[in-house]
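Results of the structural survey
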Amino acid sequence: MKQIEMALLLAVCAVSNIVAQQIVHRPAVPPGAAAIGYTKCVINEMPTAADIALGDEGNYKWFSGQWWGKSPSLDCYSTQDGVLELTLGGDLVSTPRDFSAGKLPLLPGADGFYVEFDVRLSDNDPDHFPAVWLMPAEHNGKQEDQYVGDPAGFERWMELDIDEGGFGPGLTGSVHSHYGIYSEGYQQIQNHNNVSRVAIDRTKKHTFGASAVSNK
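Cut-offs used in this document
Residues numbered from 1 in each chain as written. Predicted model: local features only at pLDDT ≥ 70, side-chain atom pairs only at ≥ 80, totals over all residues. Heavy atoms only, no water. Core = buried A, V, L, I, M, F, W, Y, C linked by side-chain atoms within 4.5 Å. Buried < 20%, exposed > 50% of the residue type's maximum accessible area, 1.4 Å probe, protein only. Helix = DSSP H or I, 4+ residues; strand = E, 2+ residues; numbered from the N terminus. Contact = heavy atoms within 4.5 Å. Patch = residues over 30% accessible without salt bridge, like charges linked within 9 Å, V, L, I, M, F, W, Y side chains within 5 Å. Areas by Shrake-Rupley, 256 points an atom, 1.4 Å probe, with all protein chains shown as cover. Salt bridge = Lys/Arg side-chain N within 4 Å of Asp/Glu carboxyl O. Polar contact = N/O pair within 3.5 Å; in protein donor to acceptor, adjacent residues only side chain to side chain. Pairing = 2+ DSSP bridges.

**Brief notes about the nonpolar core**
- Grouped together as the largest cluster of nonpolar side chains are 11 residues: F113, V115, F117, V119, L121, V132, L160, I162, F208, A210 and A212.
- Among the elements that take part in this core, strand β7 (residues 113-121) stands out by supplying 5 residues, more than any other.
- With near-sequence residues (within four places) excluded, F208 lies in contact with V115, E116, F117, V119, I162, D163, L171, I200 and R202.
- Counting 10 residues, the second-largest nonpolar core is a separate cluster that includes V42, I43, L92 and L104.

Structure (structure tokens):
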């Protein structure tokens, strides 16, 4: 397995009233957000290795690793020319493992939002699996992704994959709807035709975006 380097920049726009303490790197609203009427920027970050928490909690913007697995070593992250680089195994998230408040806000799905990431890889080797995606805070160790009336242990949650680079020559964008009891195996539904057959050169910077519309 070759080493992967991934450059990330995250921008989120919404119509909600969330205000985040932030350093604004992009003064303009991204075109994708403006096209659907989202004009209030709530997160606009170019993370660096120094922004990543040393542990699993605290008032930080970024954390290493998902709550369900072992945290990758901080050696997986470095900053080169002001840009965060992740080597193979790096897994950057924006919430503490217990989903207590960090420095960055959660996005209320009911309000709708637009999110985009800038990503660049060191090479196009097919063993790379870069991914930028969103998960609900309710899908956690406390199983708070349950609905009233569902059986004990039954979870329902949605995963929004803005891009996963390991499935095809081009962008892979998916919405996964998971449901069921974990020990019995989750069932899932996802959108079809989600893998672009148009190859992209991942050594160039690409901006991947996705939106969720308000259900109000």
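**Quick look at a nonpolar patch on the surface**
- Taken together, the side chains of L54, Y60 and L74 define a hydrophobic patch exposed on the protein surface, amounting to about 300 Å² of accessible area.
- Locating L74 in the fold gives a position in the loop between β3 (63-64) and β4 (77-80).
- Residue classification places L74 among the partly exposed positions, given a relative accessible area of 33%.

**Let's talk about the side chain of D118**
- Checked against the element boundaries, D118 lands in strand β7.
- A polar contact of 2.5 Å, which involves the side chain of D118, links it to the side chain of T207.

**Regarding the pairing of strand β5 (residues 83-86)**
- By the bridge criterion, 4 bridges tie β4 to β5 in an arrangement that is antiparallel. What sits directly across from Y77, in β5, is L86.

**A few points about the pattern of salt bridges**
- Using the criterion set out here, one finds 5 salt bridges in the structure.
- Among the salt bridges present, the one from K61 reaches E45, with a minimum N-O distance of 3.2 Å. Of this pair, K61 sits in the loop between β2 (40-45) and β3 while E45 sits in strand β2; the two residues are 16 residues apart in sequence, bridging distant segments of the chain.
- For K61, a relative accessible area of 14% gives the class buried.

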